[in-house]
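# Coordinate inspection notes
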Amino acid sequence: MIKKAQEILEKLTLEEKAGLCSGADFWHLKSVERLGLTEIMVTDGPHGLRKQAGDSDHVGLNKSVAATCFPTASASASSWDKTLMFEMGQALAEECLQEDVAVILGPGANIKRSPLCGRNFEYVSEDPYHTGHMTAALINGVQSKGIGTSLKHFVMNNQEARRMTIDAVVDERAQREIYLTGFEIAVKEAQPWTVMCSYNQVDGTFLSDHKRLLTDILKEEWGHTGLVVTDWGACNDRVKGIQAGMELEMPSSGGRNDEKIVKAVNDGTLSENTLDKAVIRIIELILKSQDSRKKDFKYDVDKHHLLAKKVAANSSVLLKNNHVLPLTKEMKIAVIGEFAKSPRYQGAGSSIINPHKIDNACDVLSEKGINYSYAQGYSIKNTKSNQELIDDAVKTAKESEVVIIFAGLTDDYESEGYDRKHLDLPHGHTELIKQVAKANSNVVVVLQNGSPVVMPWLDDVKGVLECYLHGQAGAGAVIDILYGDVNPSGKLAETFPIALEDNSSYNYFPGSTLTVEHRESIFVGYRYYDTANKKVLFPFGYGLSYTEFSYSDLKIEKISELEYDISVTVKNIGRMAGSEIVQLYIKNNESEIFKANKELRAFDKVYLEPDEEKQITFSLNKRSFAYYNTTISDWHVDSGLYDVQIGSSSRDIRLSEGLTIEMNDGVSVPNYKEIAPAYYKLTNDVYEVDEKQFEMLYGKKLPKRDKKKGDPYTELSTMIEVREKFVGRLLFNKVKKQAMAMVESDDSEVEEGNLAMLEAIIEEMPLRSLGMMGGDNLPKYFVDGLILILNGKPFKGIGMIRKK
């Protein structure tokens, strides 16, 4: 493969090399037919194939071909099952093979810094270790079938607000320990064919131009052998991007950036050797994809549907069960909530799937011959409470032994393109649960949501089953769990706080107009809650079962310096077969450097029959005990007493054993106790770090947070900013009208959930990205002229536009 790629590279003209560095259109890479390089297609994922049907528009949101909608990442992550993720990856690859898609764009490995991020349903966890290993399993599954993946969005893209321009201000240690580690694990364990760089800036540099992240760390330190592709429209400076290690720009730039590459090589700004390094990675991707094509391949639609149900069943998390579950078929039950007939099974945005079929709870109950009464309870088209519907639900509840309420977040609550404003359920859902719970004491709430919600009604109900967005077959999995045909085994991959203000990023999310400061540093998720000893609704790693498990015989065996084997015996002491997720945490030593109380370092899911026991063995190494030492720019272990903790969640530690480590390496451990004490004294109050302390940790002066009145407009100015000017308002309305026309035309169908996302994206789109919306109708010189007009130079601007 490498030899063939080199031979092709040597025969390419400069113009052909430059051309390969950008897409042919929205979804395809360019071909060089004379050298045997054919056009290949990439398309959206990550929990199903979203291949746009028919011709591509300039937005990429037209209706897609039918595919299997698997549970979203927030759901499948709760399975903690790497084998199942591999199996799901293989199924995704089979669907790509049928549709002649070379690369599926996913999985997403961004850390859940805040539960408000609108795209959290696409992401795995608040923990980097869990994120890395679950995404690696999915990648390996997909690529085992000869289909590529795109690990995204690299990196520190943890919000939707101003995602195209925001500068993430994150201290180096937090970058390494929290935001980069998940990507690092996935790259080293799975070698994704592509890594997708995000829109945002880090430390004042756009990711597409970021040599330290794309080359120094990703390629050289981690050894990534694939290529870096931009998120769609994320290319900032094409020549700088090549130099930084960003090989492929998507979508097509209409040849404009190809010309810039050719010019840069000819004038010596860009060496052809640097360009060759980029091009050969693109050639290798095309060759691998060509070799994997299977003409006339067909996947088994029904088999994939059953797999989607299996993933949903293994991912559902039983949060509360006060002797109400499992149900029996003889019980008189009421099913309440429109989600029982029209489930919310996926999120909105570029990952929205057009499923072959969608199961719903009412139909599944009928198919199983289970009698039930139904009440709508609320409207999915209106978040406000409807007392008439609630009254009908209360009446139905009073006539039943047990009530199952299907509730959650509607499509407009969470989506790509915008963040959530709060953690509440729609008012109509909350009011329904409260009033029904007063009418019947046996209420079970089944939640369908992409990320955490608060539950002011929790004490009023007897059961809660968190399903997240569980895909097209999720309803069947829910009924199987409610009736005990499946023993729930999912556990949370994120903490559910009691209130939004309990989250460590509360004061700093989503930041200002120019920057978002991650002042909480490493204290993300349970690392904060557990260190601050803050009460939570449900902790990281938590989930109930219909059976019980005991833990015993914790043993630590030293293999070599900083390498240990840890073994523990787990036994099913209940009366029902089930699976337990065994979690290993390292409780950190007392140190000069601030650390989280404990950190996840290993996990395994084990299935046990009643009275069956198994020994689980984990391996620990240097990284299991290390923090990132910025003074030596490397991982370091300091001396002290560490505890190896085995638990059923981060707050349910069953066994613990001390382990003393002595290091005589002479390395100085950073000490911020005097200059940044807020990182050593975490309290139960709303977490705050003042500017001076964060600046000391960051190591340099903090960048400007907001634009000042009178600052000139640039190509990074957003559409919502230029609306301040008359010309800007005209432009905004024209672009919005044009975009909506493209996705609402007679020959184009767009999923309803994507319209709100599209509006949000247009508002926050920088001027430099106008070409992606308008195609060749909005060339670069038009944008340059427009900026001159916005900055009070109308004649110069109009002259530039007309001259061209």
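Our subject in this report is the structure included herewith.

Attention now moves to the packing of aromatic side chains. Here the structure, examined in full by the defined rule, presents 23 aromatic pairs. Ring geometry for tryptophan 80 and phenylalanine 540: centres 5.5 Å apart, planes at 55 degrees, overall tilted. Of this pair, tryptophan 80 sits in the loop between helix 3 (73–76) and helix 4 (82–99) while phenylalanine 540 sits in the loop between helix 16 (526–531) and strand 18 (549–560), and the two are 460 residues apart along the sequence. The residues tryptophan 80 and phenylalanine 540 share a single accessibility class, namely buried. Pairing phenylalanine 339 with tyrosine 378 gives two aromatic rings, centres 5.8 Å apart and planes at 85 degrees, and the pair type is edge-to-face. Separated by 39 residues along the polypeptide, phenylalanine 339 in the loop between strand 11 (333–336) and strand 12 (354–355) and tyrosine 378 in the loop between strand 13 (372–375) and helix 13 (387–398) bring together distant segments of the chain. No difference in accessibility class separates phenylalanine 339 from tyrosine 378, as the two residues are buried. Within the aromatic cluster, the residues linked to one another by ring pairs are Trp80, Tyr129, Tyr526, Phe540, Tyr585 and Phe603. Here the basic side chain of lysine 341 rests over the ring of tyrosine 374, its NZ or CZ set 4.3 Å away from the ring centre.

This part covers the sheet that holds strand 18. Spatial strand order, 18-19-22: three strands in an open sheet with antiparallel pairing. The open sheet has two edge strands with one neighbour each: strand 18 and strand 22 (613–620). This sheet shows a mean twist of 20 degrees between the axes of neighbouring strands, independent of strand direction.

Before going further, it helps to examine the state of the cysteines. Counted by the stated rule, this structure contains zero disulfides. Unpaired in this structure, cysteine 69 has its nearest cysteine sulfur neighbour in cysteine 467, at a distance of 14 Å. Residue class for cysteine 69 comes out buried when judged on its relative accessible area of 0%. Not engaged in a disulfide, the cysteine cysteine 197 finds its nearest cysteine sulfur in cysteine 235; these two sulfurs lie 8.2 Å apart. Taking relative accessible area as the criterion, cysteine 197 reaches 0% and is therefore assigned buried.

Residues that lie three or four places apart on an α-helix share one face, since the helix turns once every 3.6 residues. Under the 1.5 Å per step criterion, the end-to-end length of helix 6 (residues 172–190) is 25 Å for 19 residues, consistent within 8% with the ideal 27 Å. Leucine 180 marks where helix 6 bends most, by close to 60 degrees. Within helix 6, 16 of the 19 residues are buried, leaving the element largely enclosed by the surrounding structure. Positive phi appears at glutamine 191, one or two residues downstream of helix 6, with a value of about 45 degrees.

Bringing the environment of tyrosine 585 into the picture now. Mapped onto the fold, tyrosine 585 is located in strand 20 (residues 578–587). As for tyrosine 585 and glutamate 613, which are separated by 28 residues in sequence, their C-alpha atoms are 21 Å apart. For tyrosine 585, the residues in contact, after removing those within four places along its chain, are Tyr526, Phe540, Lys598, Glu599, Leu600, Arg601, Asp643, Val644, Gln645, Ser649, Ser650 and Ile653. Only 2.6 Å separates the side chain of tyrosine 585 from the side chain of glutamine 583, close enough to count as a polar contact.

This part is about the nonpolar core. Ranked by internal contacts, the top residues of the largest apolar core, which has 131 residues, are Trp232, Ile283 and Leu767. Looking at this core, the element that brings in the most residues is helix 10 (residues 272–292), giving nine residues. Listed in part, the 63 residues of the second largest apolar core include Val335, Trp457, Leu458 and Phe496.

The six strands lie next to each other as 10-16-15-14-11-13, forming an open sheet whose pairing is mixed. Both edges of this open sheet fall to strand 10 (317–321) and strand 13, since each of them pairs with a single strand only. Looking at each pair of strands side by side, their axes are set apart by 20 degrees on average, direction ignored. When strand 14 (residues 402–408) meets strand 15 (residues 443–448), the two strands line up parallel, connected through six bridges. Residue pairing across strands places glycine 408 opposite glutamine 448, the latter belonging to strand 15. Docked against the sheet, helix 13 engages strand 11, strand 13 and strand 14, running at close to 165 degrees with respect to strand 13. Seen against the sheet, helix 14 (residues 427–439) touches strand 11, strand 14 and strand 15 and runs at an angle of roughly 165 degrees to strand 14.

Of note, glutamate 160 is situated in the loop between strand 4 (148–154) and strand 5 (167–169). Its relative accessible area of 1% is what places glutamate 160 among the buried residues.

Geometrically, the link from glycine 106 to proline 107 is a cis peptide bond, its omega value of 5 degrees lying close to zero. Mapped onto the elements of the fold, proline 107 is located in the loop between strand 3 (103–105) and helix 5 (128–143). Residues leucine 325 and proline 326 are joined by a peptide bond in cis, for which omega reads 0 degrees. Residue position: proline 326 is located in the loop between strand 10 and strand 11. For aspartate 553, which is not glycine, the phi torsion reads 55 degrees and is therefore positive. Its place among the elements puts aspartate 553 in strand 18.

Bringing the pairing of strand 6 (residues 194–197) into the picture now. In strand 6, alternate side chains face the same way, and those of Thr194 and Met196 on one face and Val195 and Cys197 on the other are all buried. Bridge count between strand 4 and strand 6: three bridges; the pairing is parallel. If you follow phenylalanine 154 over to strand 6, its bridge partner there is cysteine 197. Pairing geometry for strand 6 and strand 9 (residues 227–230), over four bridges, is parallel. Counted as the bridge partner of threonine 194 is leucine 227 from strand 9.

The rules behind these values
Counting from 1, residues in each chain are numbered in the order their sequence is written. Residues qualify for local features only when their pLDDT is at least 70, as the model is predicted, and side-chain atom pairs are given and counted only at 80 or more; totals for whole chains, interfaces and linings, by contrast, use all residues. Neither water nor hydrogens contribute to the side-chain values; these are computed over all heavy atoms in the structure. Ring pairs shown here join Phe, Tyr and Trp side chains whose ring centres sit within 6.5 Å, with only the six-membered ring taken for Trp; geometry is labelled stacked below 30 degrees between planes, edge-to-face above 60, and tilted in between. A run of H or I in DSSP counts as a helix once it spans at least four residues, and a run of E counts as a strand once it spans at least two, with each numbered from the N terminus. A 1.4 Å probe rolled over the protein chains alone gives each residue an accessible area, and that area as a share of the maximum for its type sets the label: buried under 20%, exposed over 50%, partly exposed in between. Criterion for a charge above a ring: Lys NZ or Arg CZ within 6 Å of the ring centre, and within 35 degrees of the ring normal. What makes two strands pair is DSSP finding at least two bridges between them. All axes are obtained by fitting lines to C-alpha atoms, using only the stretch in contact for helices, and the reported angles, taken between N-to-C directions, cover 0 to 180 degrees. When the sulfur atoms of two cysteines come within 2.5 Å, that pair is taken as a disulfide. By this rule the span expected of a helix is its residue count minus one, scaled by 1.5 Å. In this analysis the local bend is the angle between axes fitted, respectively, to the seven residues ending at and the seven residues starting at the residue. Contacts are assigned to residue pairs that have any heavy atoms within 4.5 Å of one another. In protein, a polar contact means a hydrogen-donor-capable atom and an acceptor-capable atom, both N or O and within 3.5 Å, with residues adjacent in sequence counting only if both atoms are side-chain atoms; elsewhere, any N or O pair within 3.5 Å suffices. For our purposes a nonpolar core is just a set of buried Ala, Val, Leu, Ile, Met, Phe, Trp, Tyr and Cys residues, chained together by side-chain atoms within 4.5 Å.

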